Amino acid sequence: MTLTLDNRSQKKESSLTQALRQIQQLNSKIQELEQHHQDYVQKQQNLIAAIAEICVSPMQEVQALRILIYRGEAACRQYLRSVLVKQSQASKSSSTH
């Protein structure tokens with residue numbers, strides 16, 4: 001009888017140990033996801049600041065934000081680069097005339 005009770009308590013302890021390990025793994029994963037989220041938010045804030053700085057017209061800003069929302073960060077950065085190139089070309093052509 002004592003052997004059966006000892007066996008049951010060992011199984012319960014083993015289950016508790018396993019549950020604790022799983023909780024620790026989940027907590028670790030949550031911390032990792034929170035860090036990824038914070039990094040993502042920081043990148044978005046930096047990108048929005050860049051949009052405000054680079055775009056010279058409200059239409060460009062709206063276009064950049066639309067691209068950011070619907071196509072993502074990489075596409076938005078590409079759009080901003082193209083805006084900078086166009087601005088550079090426009091300033092070069094206006095300074096040569």
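Given the structure is predicted, the values throughout are model-derived calculations rather than measurements. (Residues numbered from 1 in each chain as written. Predicted model: local features only at pLDDT ≥ 70, side-chain atom pairs only at ≥ 80, totals over all residues. Heavy atoms only, no water.)

J.: Give me the lowdown on the nonpolar core, citing residues and values where you can.
T.: Residues Leu47, Ile51, Ile54, Cys55, Ala64, Ile67, Leu68, Ala75, Cys76, Tyr79, Leu80 and Val83 constitute the largest nonpolar core, which totals twelve residues. Looking at this core, the elements with two or more residues in it are helix 1 (2-54), helix 2 (58-71) and helix 3 (73-96). The dominant element in this core, judged by the number of residues it contributes, is helix 3, at five residues. (Core = buried A, V, L, I, M, F, W, Y, C linked by side-chain atoms within 4.5 Å. Buried < 20%, exposed > 50% of the residue type's maximum accessible area, 1.4 Å probe, protein only. Helix = DSSP H or I, 4+ residues; strand = E, 2+ residues; numbered from the N terminus.)

J.: Residues and numbers for the environment of Ala64, please.
T.: Within the secondary structure layout, Ala64 lies in helix 2. Through-space distance from the C-alpha of Ala64 to that of Leu47 is 9.8 Å; in sequence the pair is 17 residues apart. Once residues lying within four places of it in the same chain are set aside, the contact partners of Ala64 are Ile51, Cys55, Cys76, Tyr79 and Leu80. (Contact = heavy atoms within 4.5 Å.)

J.: Describe the pattern of salt bridges, and please don't skip the residues or the numbers.
T.: Under the definition given, this model contains two salt bridges. Here Arg77 and Glu73 are joined by a salt bridge, their closest N and O atoms 3.0 Å apart. Here Glu73 and Arg77 lie together in helix 3, a separation of four residues that amounts to about one turn. (Salt bridge = Lys/Arg side-chain N within 4 Å of Asp/Glu carboxyl O.)

J.: Outline a nonpolar patch on the surface, listing residues and values.
T.: On the surface, a cluster of nonpolar side chains totalling about 460 Å² of accessible area is made up of Ile48, Leu65, Ile69 and Tyr70. A total of three residues in the nonpolar patch trace back to one element, the largest contributor, which is helix 2. Residue position: Tyr70 is located in helix 2. Its relative accessible area of 68% is what places Tyr70 among the exposed residues. (Patch = residues over 30% accessible without salt bridge, like charges linked within 9 Å, V, L, I, M, F, W, Y side chains within 5 Å. Areas by Shrake-Rupley, 256 points an atom, 1.4 Å probe, with all protein chains shown as cover.)

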